[in-house]
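Now for the letters of each chain:
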Amino acid sequence: VDIDPNNFGPLIEDIFKKISNKTKVIIVQHSFGIPSKSILALQKIATEKKIFIIEDCALSFGSSINKKKIGTFGDASFFSTDNSKPINTILGGGAYSENESLIKSLKRIQAESEELSLDVKKNIFRRFLFEFKYLKISNYKFMQLKIYFNNLFFRLFKINNNLFGFYDDSSGEIKNNYPYPCKLPIFLAMLGIYELNNWENKKEIIIKNFDEYLKLFLNTKFTVPKSYFDAELNTIPHRFVVFDKNNTILNHVKNFMNVNLFWFKNPLVSSSNPTELGYISGSCLNTERLNKKTINFPLVLKSKDQKTLTFKLNKIIKNIS
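Residues numbered from 1 in each chain as written. Predicted model: local features only at pLDDT ≥ 70, side-chain atom pairs only at ≥ 80, totals over all residues. Heavy atoms only, no water.

(A) Focus on the environment of L309. With respect to the secondary-structure elements, L309 resides in helix α10 (residues 303-320). The buried category is assigned to L309, whose relative accessible area is 0%. Sequence separation of L309 and V253 is 56 residues, and the distance between their C-alpha atoms is 9.2 Å. (Helix = DSSP H or I, 4+ residues; strand = E, 2+ residues; numbered from the N terminus. Buried < 20%, exposed > 50% of the residue type's maximum accessible area, 1.4 Å probe, protein only.)

See below:
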């Protein structure tokens, strides 16, 4: 189905058109941390037609609609905690449901899942240390050099530098060969507990940085999602979304930020050619249109990095305007 241009969630009118007697499950995505209000209209019809609703809260944590938390509207919800998400454990996630039978099934799968190998765990820990030290605007150029020389070294000596995979001796290609689903390593679970304990502090940083961006882009030629001004929503945004018709901001930002690390910068990111996956061109016009002009910026930045980014963006906006 197409997306709602106000919040990037599924367009309720399109869902209603496409529900049939074969429909068993509907996934409602809360994109960029913005709650999808489609979930409100879906609840009644889902009950009537016995359709299971799953909330995709991978990019949402703490947001709510009319003071009811995202993830508690549907029959089940999942939250991601990989290194691109609000709660960061490098990889992994969690699920929520009030359905006791479903929770028992998930716990059984968890108990039966395999452990990651020691080598993979070491890779994950190295990744954690790297991100903690280098993923800062002030370290941008050094980070780029570090990535380049690391990759060169590991490729020359065919040492595993992939988060999960290993190098195939014959082809030199990285092969993913790890159990899935698998158990979250204990040290990452512990990291998750630290992250949760620190959530209120992180949330305060997110909201403060969000307000900074809003001041920056209001009354300019660039627009932001209407949902940012919806009184029924309490949005704890994962990224700050801006509509930039010609991608002019993005072209400037490339000079001081790795835009390849702009996670989920467009509504459609899973394929460069979605028709290969069976998508029919023109069937989701909002998605196609917004895919060309949506950019976004990180919100979990320390004060120093946020000031640097705000200062640079302010100069860019003035020059463009």
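(B) Summary view of the side chain of S31. Structurally, S31 can be placed in the loop between β1 (25-29) and α2 (38-49). The exposure class of S31 is buried, given its relative accessible area of 4%. Apart from residues lying up to four places away in sequence, S31 is in contact with N7, F8 and G9. (Contact = heavy atoms within 4.5 Å.)

(C) Broad picture of the packing of helix α7 (residues 199-217) against α10. At a minimum axis separation of 10 Å, α7 and α10 run at an interaxial angle of 10°. Classed by the angle they form, the pair α7 and α10 counts as roughly parallel. Residue-level contacts link N209, E212, Y213, L216 and F217 of α7 to Q306, L309, T310, L313, N314 and I317 of α10. For the contact of α7 with α10, the residue count by class is six nonpolar, four polar and one charged. (Axes fitted to C-alpha atoms, helices over the stretch in contact; angles between N-to-C directions. Parallel < 35°, antiparallel > 145°, perpendicular 65-115°, else oblique. Nonpolar A, V, L, I, M, F, W, Y, C, P; charged D, E, K, R; others polar.)

(D) Structural view of the packing of aromatic side chains. Applying the stated criterion across every chain yields a total of 14 aromatic pairs. When the centroid spacing of 5.0 Å and the interplanar angle of 80° are considered together, the rings of F8 and F32 count as edge-to-face. In this pair, F8 sits in the segment before α1 (12-18) while F32 sits in the loop between β1 and α2, placing the two residues 24 residues apart along the sequence. For the pair F8 and F32, one class covers both residues: buried. Residues F125 and F128 carry aromatic rings whose centres are separated by 6.1 Å and whose planes lie at 35° to one another, so their mutual orientation is tilted. With F125 and F128 both in helix α4 (residues 118-134) and three residues apart, the pair spans about one turn of that helix. Residue classification places F128 among the partly exposed residues on the basis of a relative accessible area of 25%. Of note, K68 hangs over the ring of F73, and the distance from its end group to the ring centre comes to 5.2 Å. Lying across the ring of F243, K293 places its NZ or CZ 5.4 Å from the centre. (Phe/Tyr/Trp six-rings, centres within 6.5 Å; stacked < 30°, edge-to-face > 60°. Lys NZ or Arg CZ within 6 Å of the ring centre and 35° of its normal.)

(E) Summary view of the nonpolar core. With 35 residues, the main nonpolar core has Y213, F217, F240, V253, F297 and L313 as its most contacted residues. By residue number, the principal contributor to this core is α7, which donates seven residues. Those residues within four positions of Y213 in sequence are excluded, and the remaining contacts are F240, F297, P298, L299, L301, Q306, L309 and L313. Judged by nonpolar contacts, the second largest core, of 16 residues, contains I26, I65, F73 and L233. (Core = buried A, V, L, I, M, F, W, Y, C linked by side-chain atoms within 4.5 Å.)

(F) Broad picture of the pairing of strand β11 (residues 294-298). Within β11, five of the five residues are buried, which leaves it mostly tucked inside the rest of the structure. When strand β10 (residues 239-243) meets β11, the two strands line up antiparallel, connected through five bridges. Its bridge partner lying in β11, F243 is registered against T294. (Pairing = 2+ DSSP bridges.)

(G) Highlighting the pairing of strand β5 (residues 76-80). Bridge count between strand β2 (residues 52-56) and β5: three bridges; the pairing is parallel. The residue bridging I54 from the neighbouring strand is A76, located in β5. Pairing of β5 with strand β6 (residues 93-96), which is carried by four bridges, proceeds in the antiparallel orientation. Of the residues in β6, the one forming a bridge with S77 is Y96.

(H) Representation of the sheet that holds strand β4 (residues 68-69) in the model. Taking strand neighbours across the sheet as the criterion, the three strands line up as β4-β3-β9 in an open arrangement whose pairing is antiparallel. The two strands at the open ends of the sheet, each matched to only one other strand, are β4 and β9 (233-234). One ladder, built from two bridges, connects strand β3 (residues 64-65) with β4; its direction is antiparallel. Counterpart to I65 in the pairing with β4 is K68.

Scope: geometric values only; no functional claims are made or implied.
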